[in-house]
2 protein chains.
Amino acid sequence: MTGTSKTLLEAYNNSAHPLTGHSPRTIEVLTKALAAWDPETESDIYGTGRVISQFESKLASYLGKPSAVFFPSGTMAQQIALRIWCDEKGSRKAAYHPLCHLEIHEEDGLKELHGIEPVLLADKDRLITLEDVKSLPEDTACLLLELPQREIGGQLPDYEELEAISTYCRKRKIRIHMDGARLYEILPYYGKTAAEVCSLFDSVYVSMYKGVGGVAGAILAGDETFTKQSKVWKRRHGGDLISLYPYILSSEYYFDERVARMGTYYEGAKELAAMFNQCHGVSTVPQIPVSNMFHVHLKGTKETLEPLLLRINEETGIGFTTRLWEVTPSSCYFEVSIGDRYTAVPKERLYEAFRKLHEAMEKAV
Amino acid sequence: MTGTSKTLLEAYNNSAHPLTGHSPRTIEVLTKALAAWDPETESDIYGTGRVISQFESKLASYLGKPSAVFFPSGTMAQQIALRIWCDEKGSRKAAYHPLCHLEIHEEDGLKELHGIEPVLLADKDRLITLEDVKSLPEDTACLLLELPQREIGGQLPDYEELEAISTYCRKRKIRIHMDGARLYEILPYYGKTAAEVCSLFDSVYVSMYKGVGGVAGAILAGDETFTKQSKVWKRRHGGDLISLYPYILSSEYYFDERVARMGTYYEGAKELAAMFNQCHGVSTVPQIPVSNMFHVHLKGTKETLEPLLLRINEETGIGFTTRLWEVTPSSCYFEVSIGDRYTAVPKERLYEAFRKLHEAMEKAV
């Protein structure tokens, strides 16, 4: 017990060695990026202007798609992608995983704004397989695949299965959309370029603030017909702002800085997951990460585990997480995403924290 | 003729004395505002955190409403306001002016996303009157009034008529929503506080980048029940970004700086409109402005007027406008919005430009 009423979040934010992410989410993230640009750089204006069109071209090229559109959020971009594919087919059916972002984090925007009826594929705790996809109703307009599947620790299908799913969808005229919120992060594991993975999809969304660490924003890419329609829907959603440059310029700055580091984050995730898996009562999902992220599952109640993690934080300066989620009455989990911070953590401190975690877990559970 | 192929926009952007707006739309607008904040200021996170909640409280108080929500755009905020009022009444009918922003600038988002059927009130070239409002179908959920009515030069009803419309709507259980994109700008003319004008409305949208001159963003205000629902819709629209602080901090900075200057902008608009009205073949709508804005109507074709304005720009450094819109085959108009720049324009240059405009118009039309 720490003897204080500090929360995990407070302790994490004040810890000398937080393990996850890039840096605190302060306004310095933006000011640092803006300082790299000429102050006389002209704002984008309602989706036009050099600042936005250059970055859109750059990302279209990176993703190997003819065209790309900058959006303020992935929520907006993905609903719009699914709407376009549903309208194309004249169907209201789009298929995705039961723990898809659109299903659990968007207040049912897809249903309420677009009248789209999702077809939920697979069980909550596993990936969508080719077999699942083969069960899709004939009038399904679109399949959304999230790579990696975040809510189950960032799992990925084998690349061969992904190819088979894509081939099947194209044969059956089912559009295939990628939720690539963490696309950059999986490229080292697949050993593919972004363009190679994207070639399996008709439309792709990538995030500019997760692994890249920008302020906010998203890119939606596909062919010209698709992106042209997406701009109309962007305006309808209220996303065609007079100026999106705060997000665009910070996206470009951190994209240039961090995309090349994804391999380092991936190696860090594997190293760190192995340390968790050596502790009593602790295991990771996936056991061996396939991106920069994984989930840490711990035996024990929140009441037992929180003070335990707080004490290790206080004694070693290592911040494991900002929060615990209860899985069952006697187990919890938290999410780890490796960014710039991990390589700066002194190894001896890290080993000390893991020794303490192992010992404390042995005593506690 | 200038002998060059410069466009009005290019000439305006390079002119020594542009008449309208505050400053060029460069990224310096943002960096200047951010420099006023501690770099360690924490980002808002999905609509929570001090940065967003403090500004929302400040604007709620300014507008005299119990609650306010920061939105990335007015397009998003206003569709949502109308949706909430329509759902409350179980009706799909919302009434507004034929030149309402939702009708002409939003790609029919209100219809396509929310299934709302607008009731168009009044003719295109005049304000909505109490008589128009009395003709509304019984099942109208909501009336949107834009103060001032931008597309007709920024006209305003008498305050007594506004009060009568509000009283009528409340008696008939028709919700009344303000498109207050330029609310601050009309307060000097009405001689009222924002809270006094807003008290006539159930919900209010104000812009953070027009008169205020922020980067982008909007506030939607009303009672707690209303704003709580608006946050759910904001997430559905994809507007609940992980970080909105670039817009919030710049909004607050320029709000603090400029709201007190609205009287100066209004006086400038009246002065400038009088100069236009003294020129041959030129008149303003309204003749005497009631805010910082007005429209300038000029006899003559675009082909006649563009080189004429370019020449005056070149000779005097005065930039009148970035663009001409054709009204009829033989008349054009442009919009004027007075901001910080106007007071810095040397008066002798201004008078010279107007002498030249008068003379050129006498020759040309």
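- As recorded in an unreviewed UniProt entry, chain A goes by the name Threonine aldolase family protein, listed as coming from Paenibacillus gansuensis.
- The UniProt entry for chain A carries the following comment under Sequence similarities (unreviewed entry): "Belongs to the threonine aldolase family."

1. Topic: the domain arrangement of chain A
Residue and element names in this part refer to chain A.
1) Next: Considered domain by domain, chain A is made up of domain 1 (8–24 + 261–364) and domain 2 (44–242).
2) Next: With centres defined by C-alpha atoms, the gap from domain 1 to domain 2 works out at 30 Å.
3) Next: On the side of domain 2, 18 residues touch domain 1, which itself brings 15 residues to the contact.
4) Next: Interface of domain 1 and domain 2: buried area, both sides summed, is about 1300 Å²; carbon and sulfur atoms make up 63% of it.
5) Next: Contact with domain 2 buries surface across domain 1, with Met-262, Val-290 and Met-293 losing the most and accounting together for 43% of the total.
6) Next: If you look at where domain 1 meets domain 2, you find one salt bridge.
7) Next: The set of elements that each furnish at least two residues to the side of domain 1 that touches domain 2 consists of α13 (262–277), β10 (293–299) and β13 (331–337).
8) Next: Looking at which element gives the most residues to the side of domain 1 that touches domain 2, the answer is α13, with four residues.
9) Next: Of the residues in the side of domain 1 that touches domain 2, the class split is nine nonpolar, five polar and one charged.

2. Considering empty space enclosed by the protein
1) Next: Throughout the structure, instances matching the rule amount to three cavities of 30 Å³ or more.
2) Next: A volume near 60 Å³ is recorded for the largest cavity.
3) Next: Residue lining of the largest cavity: Leu-127, Ile-128, Leu-145, Glu-146, Leu-147, Gln-149, Pro-157 and Ile-165 of chain A, and that is the complete set.
4) Next: If you add up the space inside the second largest cavity, you get close to 50 Å³.
5) Next: Together, Leu-127, Ile-128, Leu-145, Glu-146, Leu-147, Gln-149, Pro-157 and Ile-165 of chain B line the second largest cavity.
6) Next: For the lining of the second largest cavity, the residue count by class is six nonpolar, one polar and one charged.

3. Notes on the relation of the copies chain A and chain B
Both copies of the chain are related through a single rotation about an axis accompanied by a shift along the same axis.
1) Next: Of the transformation superimposing chain A on chain B, the axial component is 0.0 Å and the angular component is 180°, with the fit at an RMSD of 0.0 Å. Look at the turn and shift together and you get a two-fold axis relating the two. Judged by C-alpha distance, Leu-113 of chain A is the residue of chain A that lies nearest the rotation axis, at 2.4 Å.
2) Next: Most of the interface of chain A is mirrored in chain B, where 100% of its interface residues are also at the interface.

4. Let's talk about the sheet that holds strand β4 (residues 117–120) of chain B
All names here are of chain B.
1) Next: The strand order across the open sheet formed by seven strands is β2-β8-β7-β6-β5-β3-β4, and the pairing between neighbours is mixed. At either end of the open sheet lies a strand with only one pairing partner, and these are β2 (67–71) and β4. Adjacent strand axes in the sheet meet at a mean angle of 20°, parallel and antiparallel pairs treated alike.
2) Next: Here strand β3 (residues 93–96) runs beside strand β5 (residues 140–146); their pairing, made up of three bridges, is parallel.

5. Some thoughts on the pattern of salt bridges
1) Next: Here the structure, examined in full by the defined rule, presents 47 salt bridges over all chains.
2) Next: Note that Asp-87 of chain B is salt-bridged to Arg-92 of chain B, the shortest N-O span being 2.6 Å.
3) Next: The partner of Asp-108 of chain B in a salt bridge is Lys-111 of chain B, and the shortest N-O contact between them spans 3.1 Å.
4) Next: Connected through salt bridges with shared partners, the residues Glu-88, Arg-170, Arg-175 and Asp-202 of chain A form a single ionic network.

6. Focus on the interface of chain A and chain B
When the parts come together, some accessible area is lost, and that loss is often what is quoted as the size of the interface.
1) Next: Listed as interface residues are 48 residues of chain A and, on the opposing side, 48 residues of chain B.
2) Next: It is Ile-27, Leu-113 and Arg-236 of chain A in chain A that bury the most area against chain B; as a group they hold 19% of the surface buried on that side.
3) Next: If you look at where chain A meets chain B, you find zero salt bridges.
4) Next: Seen at the junction of chain A and chain B, the total is 23 residue pairs in polar contact (both at pLDDT 80 or more).

Reading the values: the criteria
Here the residue numbering is sequential within each chain, running from 1 through the sequence in written order. Lettering for chains starts from A, numbering for ligands starts from 1, and both go in the order in which the items are written. Per-residue local features of the predicted model are confined to residues with pLDDT of at least 70, and side-chain atom pairs are confined, for both listing and counting, to 80 or more; whole-chain, interface and lining totals are unaffected and use all residues. Calculated side-chain values reflect all of the structure's heavy atoms, with hydrogen atoms and water omitted. UniProt positions are given in the numbering used here, feature names are shortened, and annotations may be inferred rather than shown by experiment. Domain start and end points were adopted from an automatic or database domain assignment. Here, two residues are considered to be in contact whenever any of their heavy atoms come within 4.5 Å of each other. By buried area we mean the combined loss of accessible area, with a 1.4 Å probe, across both parts when two parts are placed together. A side-chain nitrogen of Lys or Arg and a carboxyl oxygen of Asp or Glu constitute a salt bridge if their distance falls within 4 Å. The helix and strand labels rest on DSSP assignments: H or I over at least four residues marks a helix, E over at least two residues marks a strand, and numbering proceeds from the N terminus. Side-chain classes are defined by residue name, with Ala, Val, Leu, Ile, Met, Phe, Trp, Tyr, Cys and Pro counting as nonpolar, Asp, Glu, Lys and Arg as charged, and the others, Gly among them, as polar. Cavities and pockets were defined on a 1 Å grid built from protein atoms only: a cavity is a group of points that admits a 1.4 Å probe but offers it no way out, a pocket is an open group of points flanked by protein on both sides within 12 Å along at least five of seven lines, and a lining residue is one with an atom within 4 Å of any such point. Grid points are joined across faces, edges and corners, and a volume is the space filled by probe spheres set on the points. To superpose the copies, least squares is applied to the C-alpha atoms of every residue with a pLDDT of at least 70 in both. Two strands pair if DSSP finds at least two bridges between them. In this analysis an axis means a line fitted to C-alpha atoms, helices contributing only their contacting stretch, and an angle means the value between N-to-C directions, from 0 to 180 degrees. Whenever two N or O atoms come within 3.5 Å, that pair is a polar contact, provided that in protein one can donate a hydrogen and the other can accept it, and provided that, for residues adjacent in sequence, both atoms are side-chain atoms.

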